[in-house]
Every structure is written in C-alpha cells, then in structure tokens.
Amino acid sequence: MGRKQLFQRNALSIYISGIVAYYLATGLMNDHVNILQPYYAQTYGWSATLITMPVTVAGYVAIVMAAVFGVLYHKFSISRILGVSTLVLGLSAIGLSAAGDHLALYSISLFLLRLMVLPLSLGIQYLCTNWFVESRGRALGIVTMGGPLCSATLVAILTAATGAFGFTLTYRVMGILVLVIGLLVKDRPEQLGLYPDGADHPPAEYRQDAGTMGLKELVRSADTYLIVLPLGLLWLCLVGIMAFFVPQMASTGTDAAIYLPTLTISAVLGMVLSYLVGVVDDKWGTPSAFLLLCAFNLMAIFGLLFMTRNNIPLLAVAAVGIAGMTGGLQNIQPSIVSYIYGRRNFSALNGWLYAFESIFSSFGLSYMSIIMDTTGSLNAAYWGMAIMTALSAV
C-alpha cells in the first residue's frame, strides 16, 4: 500500500470514529436524560432532582477530570485510552439497563456514563491535531458533525426503541454497541512513517512548537487568557441559550408547533456549518473562523432577544445562529489551541485549557436562572451575552 493510500485509510478511520465519538459524547452527556426522566418518574416515582443528580455531580467532576485526561493523553496511547473509555461507557449503559429501582447501581452507572464521554471527544481532538495540520479545520469540522447529528436523531431513536422494546433492552443493546466500537489508527502519522495531511514532508512548525510547555508555563502565558476567556464566554452563552430556548419561546407566546421543529432543523444545519467553520479555518485562518463563530452567536442572541409571538424570520435568524454555534464551537476550540501552541504542545496543554473553559460553561444555567428570577425575563441575560461576545471577538 502506498503512503497516500495508507494515510487516507487512517484518515477515514478517524473521521468515522470521530463522528461516532461526538455522537455518543453529545447523547450520553445530556440528551438521553429526556428518556430517563419520564421513565423513572412514571415507573418508580422518582423526583427530577434524584434522577438527574448523578449527571449534575459528574458534570462538575468532569471539570477536574478534563485536566486529568489531558495528562493521560499526553503520557499514554490515545487509542488505548479511547478503548478503555468505550469499555467503561458500554458497561455503564448495561449497568443502567439492569439498575431498576436500585439507586446505588443507577447512580454509579449514570455517573460513569456522563463522565466517560469526556475522554471520547478529547481523544478525537488529539487524533485530529496530530494527523492534520493544513486540513485540521476541515477534519474537526467533519468529526464534530456527530454532535448535531445526535441532537437531531438520538431522542427520537431512543423514544421509538423504548416504546417498541422497553427501556431495559434498549439500554442493554446501546451498551453492547458502544463496546464494539474500536479505533484502528495510530496516535500520530509519524508512527507509520507518514506526515500530517498525507504530505511528503514535515509540516511547518508553529511559533511555540519547538519546546514543550507545562502547566507552569501555561499559567504564565498571556495567550492562555486570550484563549480561555473568549472560548469560556462563548461556552457560557451556548449553554444558556440552549437550556432556556423553550422558556424564551414560551414567554413570547410562540406556538410549540412552530419552535420545536426549529431545534431539529438547527441540528441538521449545524452539521453543514460545522464543516463551513472548518473550511474558513483552513483557508482564511483560525482567527477568521473564530470571528465567524462570534457572528453566529450574535445571530442567536439577537434573534431570541427581539423574538415576538410566532415571528418566523427572527426564529430563523436564531436557528442559524444556534446551528453555527453548536456545529462550530467544538470545532474551533482544539483548533485555536493547536494554532497558538502547536501540535507538540497541544497534547500537553489542551486538557488544562478545556478544564479552565468548562468552569465558565458550568455557570451558564445559573447565569440565566438568576437573571430570570431577578428581572422576570431573559432580556438582560441576552444583552449581557452580546457584550460577552463582543469582548470575545476583540
């Protein structure tokens, strides 16, 4: 097999595995709770707080674990850690299927299910930045399509499956499917005698790629704060926008029959815009792609802020903005880190930066809730988000 064909085969494996990983990461992080909550509430009479508590706790633990997994990926094999992660995920789904009203087994299984999606998305980011440089944006744009694809399909699939086969069998089969997912690629193309992008020469190194940085150097670097603050603020905005989309629609009197299909359309469009952000990244540079992302965020914010009853044009503006954010934000985060610190430092630093950014996103719900409870509307929250986005773009 020639060098080009060998690279293309491995690249295809990364694309497929990446789409599946982001699909699982999106679905098992939060989306499948839409199935858990009504099932456990109706079957066992559990409260919403009890049902979702393992997910909430795991979300906060994941902030710390992002840094831990970053260190592990830097020191050990990426594909092996991904293999162990899918093993734990699969067993957790099977454990959840067998839990019934056994609270301890339910809590442990759901906690691990939420926590272990983190190394999936992180691991794919490491593979993409190792295997692609000139086409890194497009590669990330392809694999992150799994997230919007999940948002458009998973709840419907699980709803149909649980209705036809029952909750237990559905989650057991899902766990088995996760177990058989494997990655057949090396961590870096150099391990196969190849170069990134399938080129016949090494890539041009970025300005800080010559030396390896650690946490001490990361904290002292001004670039760190120029990454964490803008990306962290955008993550806070996205979490708040998505969590309070339905309440905002309800407050304007918009019919559910009008706004609910918007979420599905937005998810499908997010796959296209994810790749578009990657194309802009590769052709015009990562800073240009980030500005495009800020523009999408402002579209979502102002579309929701000025929304009136059944105003389809404003709803369409918000939908495009949401699609661009959900499709592009996961794409641009690893690209910016690699753009500034280079391939060599990416593996050492990305986990720490991801953890720092997660602190911001964890406040998204509280930010929206406090303003809504204090003022009786979300208008001030959206204006605050607009200011955050403008500051991020600067």
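My aim in this report is to walk through the structure given alongside it, one point at a time.

So, how was this worked out
- Residues numbered from 1 in each chain as written.
- Predicted model: local features only at pLDDT ≥ 70, side-chain atom pairs only at ≥ 80, totals over all residues.
- Heavy atoms only, no water.
- Helix = DSSP H or I, 4+ residues; strand = E, 2+ residues; numbered from the N terminus.
- Rg over C-alpha atoms; globule rule 2.2 N^0.38 Å.
- Buried < 20%, exposed > 50% of the residue type's maximum accessible area, 1.4 Å probe, protein only.
- Contact = heavy atoms within 4.5 Å.
- Areas by Shrake-Rupley, 256 points an atom, 1.4 Å probe, with all protein chains shown as cover.
- Lys, Arg positive; Asp, Glu negative; His and termini not counted.
- Charge placed at Lys NZ, Arg CZ, Asp CG, Glu CD.
- Core = buried A, V, L, I, M, F, W, Y, C linked by side-chain atoms within 4.5 Å.
- Salt bridge = Lys/Arg side-chain N within 4 Å of Asp/Glu carboxyl O.
- Phe/Tyr/Trp six-rings, centres within 6.5 Å; stacked < 30°, edge-to-face > 60°.
- Axes fitted to C-alpha atoms, helices over the stretch in contact; angles between N-to-C directions.
- Left-handed = near helix turned anticlockwise from the far one by under 90°.
- Nonpolar A, V, L, I, M, F, W, Y, C, P; charged D, E, K, R; others polar.
- Patch = residues over 30% accessible without salt bridge, like charges linked within 9 Å, V, L, I, M, F, W, Y side chains within 5 Å.
- Parallel < 35°, antiparallel > 145°, perpendicular 65-115°, else oblique.

### A few points about the overall build of the chain
Next, step 1: In terms of regular secondary structure, the chain is built from 17 helices and 0 strands.
Next, step 2: The C-alpha radius of gyration computed for the chain amounts to 21 Å, which stays within 12% of the reference 21 Å derived for 394 residues, consistent with globular compactness.
Next, step 3: Its C-alpha atoms give the chain principal-axis dimensions of roughly 60 × 50 × 40 Å.
Next, step 4: Taking all 394 residues of the chain together, 51% fall into the buried category.
Next, step 5: Restricting the contact set of the chain to residue pairs at least 6 apart, pairs at least 24 apart contribute 83%.
Next, step 6: Carbon and sulfur atoms provide 69% of the accessible area of the chain, an area that totals close to 16600 Å².
Next, step 7: The positive charge centre, built from 18 side chains, and the negative charge centre, built from 16, are 7 Å apart in the chain.

### Focus on unusual backbone geometry
Next, step 1: In this structure, Asp197 is a non-glycine residue whose phi angle is positive, near 70 degrees.
Next, step 2: Within the element layout of this structure, Asp197 appears in the loop between helix H9 (167-179) and helix H10 (215-220).
Next, step 3: Take Asp197: its relative accessible area is 24%, and that puts it in the partly exposed class.
Next, step 4: In this model, Asn310 sits at a positive phi of 55 degrees, which is unusual for a non-glycine residue.

### Side note on the nonpolar core
Nonpolar side chains in soluble globular proteins tend to end up buried together.
Next, step 1: Ranked by internal contacts, the top residues of the largest apolar core, which has 86 residues, are Leu36, Tyr40, Leu96, Tyr106, Leu329, Ile332 and Tyr341.
Next, step 2: Core analysis: the next-biggest nonpolar cluster, separate from the first, contains 25 residues, Phe245, Leu304, Tyr382 and Met388 among them.

### Digging into the pattern of salt bridges
Next, step 1: A full pass over the atoms with the stated rule returns 4 salt bridges.
Next, step 2: Note that Asp282 is salt-bridged to Arg138, the shortest N-O span being 2.6 Å. Remark: Arg138 occurs in helix H7 (residues 136-143) and Asp282 occurs in helix H13 (residues 256-284); sequence separation between them is 144 residues.
Next, step 3: Take Arg138: its relative accessible area is 30%, and that puts it in the partly exposed class.
Next, step 4: Between Arg188 and Glu190 there is a salt bridge whose closest N-O contact spans 3.9 Å.
Next, step 5: Among the residues examined, Arg188 registers a relative accessible area of 27% and is labelled partly exposed.

### Here we look at the packing of aromatic side chains
Next, step 1: Throughout the structure, instances matching the rule amount to 19 aromatic pairs.
Next, step 2: Where Tyr39 meets Tyr44, the ring centres are 6.2 Å apart and the plane angle is 85 degrees; that geometry is what we call edge-to-face.
Next, step 3: Taking relative accessible area as the criterion, Tyr39 reaches 25% and is therefore assigned partly exposed.
Next, step 4: On the accessibility criterion, Tyr44 (30% relative accessible area) is partly exposed.
Next, step 5: Members of the aromatic cluster, joined through ring pairs, are Tyr39, Tyr40, Tyr44, Trp46, Tyr106, Phe167 and Tyr171.

### Describing the packing of helix H2 (residues 33-44) against helix H3 (residues 48-75)
Next, step 1: Running from amino to carboxyl end, H2 crosses H3 at an angle of 145 degrees, the nearest separation of the two axes being 9 Å. Read as a crossing pair, H2 and H3 show a hand that is right-handed. Listed contacts from H3 to Val33, Leu36, Gln37, Tyr40 and Ala41 of H2 are Ala48, Ile51, Thr52 and Val55.
Next, step 2: Looking at side-chain class alone, the contact of H2 with H3 contains 7 nonpolar, 2 polar and no charged residues.

### Quick word on a nonpolar patch on the surface
Next, step 1: Taken together, Val64, Val68, Leu72 and Phe76 make up a surface patch of nonpolar side chains, about 340 Å² in accessible area.
Next, step 2: For Phe76, the position within the fold is in the loop between H3 and helix H4 (78-99).

### Observations concerning the environment of Gly270
Next, step 1: Looking at the element boundaries, Gly270 is found in helix H13.
Next, step 2: When the C-alpha atoms of Gly270 and Ile16 are compared, they prove to be 18 Å apart, with 254 residues separating the residues in sequence.

### Things to note about the packing of H4 against helix H5 (residues 103-115)
Next, step 1: Where H4 contacts H5, the two axes come as close as 8 Å, and the packing angle between them is 150 degrees. Overall, the two elements H4 and H5 adopt an arrangement that is roughly antiparallel. As for how H4 packs across H5, the hand of that crossing is left-handed. For the pair formed by H4 and H5, the contact residues are Val88, Leu89, Ser92, Ala93, Gly95, Leu96, Ala98 and Ala99 on the first element and Leu105, Tyr106, Ser109, Leu110, Leu112 and Leu113 on the second.
Next, step 2: For the contact of H4 with H5, the per-class residue count stands at 11 nonpolar, 3 polar and no charged.

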